[in-house]
Amino acid sequence: MEYDRIIGKLRYNKIFWSTCGVILLLNLFFYALIIKIQSKKIDELRCLYAKTRNIGAFDKNDKTTKYILAKDAIQSFRDKLRNKSTFPDHVKELYDAINGQGLSISTMTFKPESVNNLSLWKYTTSFKVSGQYAKLKGLLAEIQELPSLFCIESLSFKNQSKNEELVDLNLSISTYFNLSQIEDF
């Protein structure tokens, strides 16, 4: 008796149940279609990633591979070096980064040093900055993200007092230029 009533209700709502069935079938069809397309794309991207990273393509302990990797790293470093005329811009970027954090220093003197085995000039400066720890951390983050190439050679923090949030930061920073570009300087 219950079953007859349920079947009667289903027959009475044929349009509703037919529409639900069509929507379900379309949903399954599009789901299968999208999954198939995406699985192909995922496989292509996985192959591209493996090819780009050369996964399994070379032995990292091989001397030739080490030479090629080192050569590429040096070339990447050299590509980041700028022209000698941008040296004042380098200094201004660093000075603006310090002032941008609300910090100040009295002087910043760069000492040139030749790095002959790489045909480079290295300009190094050391200075001390005092301020809140959060601002000093922000300064270091900003220096790392500057468009100019700055290398943090050394840094040290020293707490000025236990009662205040003042910290001293001693920082040594270097920037590099090609030797051939600096000779006219």
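Residues numbered from 1 in each chain as written. Predicted model: local features only at pLDDT ≥ 70, side-chain atom pairs only at ≥ 80, totals over all residues. Heavy atoms only, no water.

K.L.:
Help me out: how do you make sense of the sheet that holds strand 4 (residues 166–178) in this one?
P.N.:
Pairing between the strands of a sheet comes from backbone hydrogen bonds, and it takes one of two forms, parallel or antiparallel. Read from one edge of the open sheet, four strands run 1-2-4-3, paired in antiparallel fashion. Edge strands, defined here as strands with exactly one partner in the open sheet, are strand 1 (111–115) and strand 3 (151–159). Averaged over all pairs of adjacent strands, the angle between strand axes in this sheet comes to 20 degrees, irrespective of strand direction. Relative to strand 4, strand 3 runs antiparallel, the two being bridged by eight bridges. Note that in strand 4 the partner of Ser-154 across the bridge is Ser-172. (Pairing = 2+ DSSP bridges. Helix = DSSP H or I, 4+ residues; strand = E, 2+ residues; numbered from the N terminus. Axes fitted to C-alpha atoms, helices over the stretch in contact; angles between N-to-C directions.)

K.L.:
Please explain the pattern of salt bridges as it appears in this structure.
P.N.:
Side chains that carry opposite charge are capable of pairing whenever their charged atoms lie near each other. For the structure shown, the criterion picks out four salt bridges. Residue Lys-122 pairs with Glu-153 through a salt bridge whose shortest N-O separation is 3.7 Å. With a gap of 31 residues between them, Lys-122 in strand 2 (residues 120–132) and Glu-153 in strand 3 connect regions that are remote in the sequence. The class for Glu-153 is partly exposed, based on a relative accessible area of 37%. Asp-168 is paired through a salt bridge with Lys-128; the nearest N and O atoms lie 3.6 Å apart. Of this pair, Asp-168 sits in strand 4 while Lys-128 sits in strand 2; the two residues are 40 residues apart in sequence, bridging distant segments of the chain. (Salt bridge = Lys/Arg side-chain N within 4 Å of Asp/Glu carboxyl O. Buried < 20%, exposed > 50% of the residue type's maximum accessible area, 1.4 Å probe, protein only.)

K.L.:
Looking at this model, I keep getting lost on the confidence of the model for the chain. Mind explaining?
P.N.:
Atomic detail in the predicted coordinates should be set aside for any region of low pLDDT. On average, residues of the chain score 81 in pLDDT, and 90% of them are at 70 or above. With pLDDT under 50 throughout, residues 181–185 is counted as low confidence; its partners more than four residues away or in other chains account for ten contacts. (pLDDT = per-residue confidence, 0-100. Contact = heavy atoms within 4.5 Å.)

K.L.:
It is not clear to me how the pairing of strand 4 should be interpreted in this structure. Could you clarify?
P.N.:
Looking along a regular strand, one sees side chains alternate from face to face of the sheet. Of all 13 residues in strand 4, eleven are buried, a share of seventy percent or more. Pairing analysis gives 13 bridges linking strand 2 to strand 4, with the strands arranged antiparallel. What sits directly across from Tyr-123, in strand 4, is Thr-175.

K.L.:
Would you mind going over the environment of Ile-105 with me for this structure?
P.N.:
With respect to the secondary-structure elements, Ile-105 resides in the loop between helix 4 (87–100) and strand 1. In this structure, the C-alpha to C-alpha distance between Ile-105 and Ser-130, residues 25 residues apart in sequence, is 8.5 Å. Those residues within four positions of Ile-105 in sequence are excluded, and the remaining contacts are Ile-98, Phe-127, Lys-128 and Val-129.

K.L.:
Got a minute to help me understand the side chain of Lys-122 in this structure?
P.N.:
Given the relative accessible area of 15%, Lys-122 is considered buried. Ignoring any residue separated from it by four or fewer positions in sequence, one finds Lys-122 in contact with Lys-111, Pro-112, Glu-113, Val-115, Glu-153, Ser-174, Thr-175 and Tyr-176.

K.L.:
When you look at a nonpolar patch on the surface in this model, what are you seeing that I'm missing?
P.N.:
A contiguous nonpolar surface patch, about 660 Å² in accessible area, is contributed by Val-22, Leu-26, Phe-29, Phe-30, Leu-33, Ile-34 and Ile-37. Judged by relative accessible area, Phe-30 falls into the partly exposed class, the value being 44%. (Patch = residues over 30% accessible without salt bridge, like charges linked within 9 Å, V, L, I, M, F, W, Y side chains within 5 Å. Areas by Shrake-Rupley, 256 points an atom, 1.4 Å probe, with all protein chains shown as cover.)

K.L.:
What's the story with the packing of aromatic side chains in this structure? I'm lost.
P.N.:
Centre-to-centre distance and the angle between the planes together describe a pair of aromatic rings. In total, this model carries six aromatic pairs according to the counting rule given. For the pair Phe-29 and Phe-30, a centre-to-centre distance of 5.4 Å together with 65 degrees between the ring planes defines the contact as edge-to-face. Look at Phe-87 and Tyr-123: their rings are 4.7 Å apart centre to centre, the planes differ by 45 degrees, and that puts the pair in the tilted class. Of the two residues, Phe-87 sits in helix 4 while Tyr-123 sits in strand 2, which places them 36 residues apart along the sequence. Exposure remark for Tyr-123: the relative accessible area of 9% places this residue in the buried category. (Phe/Tyr/Trp six-rings, centres within 6.5 Å; stacked < 30°, edge-to-face > 60°.)

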